[in-house]
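Analysis of the macromolecular model
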Amino acid sequence: MRSFNRAVTRRIGALEDSYLSRGRPLGEARLIFEIGPEGAGLGVLRSRLGLDSGYLSRLLRSLEAQGLVSVGKLDGDARSRHATLTDKGRAEHAAYDALSDDLANSILGPLSEAARGRLVAAMAEVEHLLAAASITVDQEAANTEDARQCLAHYFNELDARFEEGFNQAKGNAATEDEFTPPRGTFVIARLDGSPVGCAALRMFDATTAEIKRMWVAPSARGLGVARRILHKLEAIAPGFGAMAVCLDTNRALKEAQSLYRREGYKEVGRFNDNPYADHWFEKRL
């Protein structure tokens, strides 16, 4: 891995103090790209690039001094700061875009068609696996905007996939309070700071915790997010006194059933009155 990192950073010019010969290092060049023609919030930039506030501020001050970026507050939200490219900054963005294409062509050009295909496929695989390794799963409040957005996507998907549709009034009996300590918890999976999955845990009885509301964004499927979420909740459950976890699922969610079985869940008899449940599972911890 270290050898790979050295080879890539050298080949793409990451070590040069003038990335792509535009007079500034890669960090500043990347920030120009990420701000883009539409601009970006500073919180989004911190999450997307994995930068601390101090380093991001220094980069932005440098770009502001060069006349490339303007940082201000968004209309209607005095708390959020937003970075936008100036006319000069947009011209730099276009120049970097063209030079990045030239760099890609210089790497692919000397290779045969078959070798180009292998390299591009390998790059896609590396990007996929790095994304999988970058997923975080942490406990968060169930009443945040991100949590509610995740749940809205969850309910919309159930409505689209269930043969009979999904009516929240019939199948959404649990409340946010049940997913709040000491009664339960809520977790959100994130990739580069953006929510890509969620699930909740509540105590079903004195020694059993129930997993609810598990959802993974379509863009993050195949990255092992659902498995990570399950493992996180299983690790949390004993802290609430649980010696087992249980869950239910609909017959339409074949991939969920396969996941539960792979992870050691055993199918059991009906233990609730969820009208949309067709399968019930339990796992001893």
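Each remark here, short or long, concerns the structure printed above.
Read on for an overview of the structure. (Residues numbered from 1 in each chain as written. Predicted model: local features only at pLDDT ≥ 70, side-chain atom pairs only at ≥ 80, totals over all residues. Heavy atoms only, no water.)

**Thoughts on the overall build of the chain**
- Within the chain, the secondary structure is distributed over 10 helices and 10 strands.
- Taken along its principal axes, the extent of the C-alpha atoms in the chain is 65 × 55 × 35 Å.
- Split into buried and exposed, the 285 residues of the chain put 38% on the buried side.
- Across the chain, the fraction of contacts at a sequence separation of at least 24, relative to all contacts at a separation of at least 6, is 59%. (Helix = DSSP H or I, 4+ residues; strand = E, 2+ residues; numbered from the N terminus. Buried < 20%, exposed > 50% of the residue type's maximum accessible area, 1.4 Å probe, protein only. Contact = heavy atoms within 4.5 Å.)

**Some remarks on helix α10 (residues 254-262)**
- Looking only at α10, the buried set comprises Ala 256, Gln 257, Leu 259 and Tyr 260. Burial along α10 is one-sided: seen end-on, the buried residues are contained in an arc of 160°. Away from the buried face of α10 by more than 90 degrees, exposed residues Lys 254 and Arg 262 are located.
- Contacts made by the buried residues of α10 are with β7 (208-216), α9 (225-236), β8 (244-249) and β10 (279-284).
- After α10 finishes, the residue Gly 264 shows a positive phi value of roughly 90°. (Arc of directions from axis to C-beta.)

**What to know about the pairing of β10**
- Where β8 meets β10, 6 bridges bridge the pair, whose relative direction is antiparallel. Note that in β10 the partner of Asp 248 across the bridge is Trp 280.
- Sheet analysis places strand β9 (residues 266-268) next to β10, joined by 3 bridges and oriented antiparallel. Bridge pairing in β10 places Glu 267 opposite Phe 281. (Pairing = 2+ DSSP bridges.)

**Looking at the sheet that holds strand β5 (residues 184-191)**
- Pairing is mixed in the open sheet, where 7 strands are placed in the order β4-β5-β6-β7-β8-β10-β9. The strands lining the two open edges of the sheet, one partner per strand, are β4 (136-139) and β9. For this sheet the average axis-to-axis angle between neighbouring strands, irrespective of direction, equals 30°.
- Against the sheet, helix α7 (residues 145-161) makes contact with β5, β6 (194-205) and β7, and its axis sits at roughly 80° relative to β7, the strand it touches most. (Axes fitted to C-alpha atoms, helices over the stretch in contact; angles between N-to-C directions.)

**Notes on the side chain of His 279**
- Tracing the backbone through its elements, the reader meets His 279 in strand β10.
- Side-chain polar atoms of His 279 contact the side chain of Glu 267, separated by 2.6 Å.
- With near-sequence residues (within four places) excluded, His 279 lies in contact with Leu 247, Asp 248, Thr 249, Arg 251, Gln 257, Arg 261 and Glu 267. (Polar contact = N/O pair within 3.5 Å; in protein donor to acceptor, adjacent residues only side chain to side chain.)

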